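# Geometric and topological summary
Now for the letters of each chain:
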Amino acid sequence: MTGWLCKRYFRMNRWSERYFILQKDKLLYYTSEDRSKEPRGQFDLVKGCYISDVSEVDAPTKQLKKKLDKMYSITILWPEWYEPPTKKKKAFGSGAGGGGQPYGGSGGGG
């Protein structure tokens, strides 16, 4: 699975367009569709990684609002960033608004 996405920098409210490729348990991103170059970065989708449901959101910048009709968002959280659900606690993201599922690590690829 491949395509263009807007990536938000973790500590800053700055957005960049990146070309993403989902490969098994990795989400690679590039500055162009040229796969012969090294990826700009990657996200390792480890077992227990939480991936939210897709939701429609407002474009965060004027530049993106001019460029896009609609914008969608996902959130990825790694196990060390949250307490995994137990039988006594609800899973992260459950309840109003729904939520995603922990990533099992088996991945699809493409």
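### Quick word on the overall build of the chain
Assigned secondary structure in the chain consists of one helix and nine strands. Considering only intrachain contacts with a sequence separation of at least 6, the fraction spanning at least 24 residues in the chain is 43%. Accessible area for the chain stands at about 8300 Å²; split by element, carbon and sulfur atoms hold 51% of it.

### Observations regarding the packing of aromatic side chains
Tallied over the entire structure, the rule returns four aromatic pairs. Taken together, a centroid distance of 5.5 Å and an interplanar angle of 35° make the contact between Y29 and F43 tilted. One end of the pair, Y29, is in strand β3 (residues 26–30); the other, F43, is in strand β4 (residues 41–44), with 14 residues separating them in the sequence. What makes F43 partly exposed here is its relative accessible area of 22%. One aromatic cluster in this structure is built from F20, Y29, F43 and W78.

### Description of the sheet that holds strand β2 (residues 15–23)
Taken together, four strands build an open sheet; the order of strands is β1-β2-β3-β4 and the sheet is antiparallel. Pairing within the sheet leaves two strands with one partner each, and these edge strands are β1 (2–8) and β4. Going across the sheet, the axis of each strand differs from the next one's by a mean of 35°, ignoring polarity. The sheet contact formed by β3 and β4 spans four bridges and is antiparallel. By the bridge assignment for β4, K26 is matched with D44.

The rules behind these values
- Residues numbered from 1 in each chain as written.
- Predicted model: local features only at pLDDT ≥ 70, side-chain atom pairs only at ≥ 80, totals over all residues.
- Heavy atoms only, no water.
- Helix = DSSP H or I, 4+ residues; strand = E, 2+ residues; numbered from the N terminus.
- Contact = heavy atoms within 4.5 Å.
- Areas by Shrake-Rupley, 256 points an atom, 1.4 Å probe, with all protein chains shown as cover.
- Phe/Tyr/Trp six-rings, centres within 6.5 Å; stacked < 30°, edge-to-face > 60°.
- Buried < 20%, exposed > 50% of the residue type's maximum accessible area, 1.4 Å probe, protein only.
- Pairing = 2+ DSSP bridges.
- Axes fitted to C-alpha atoms, helices over the stretch in contact; angles between N-to-C directions.

In short, shape yes, function no, at least from these values alone.
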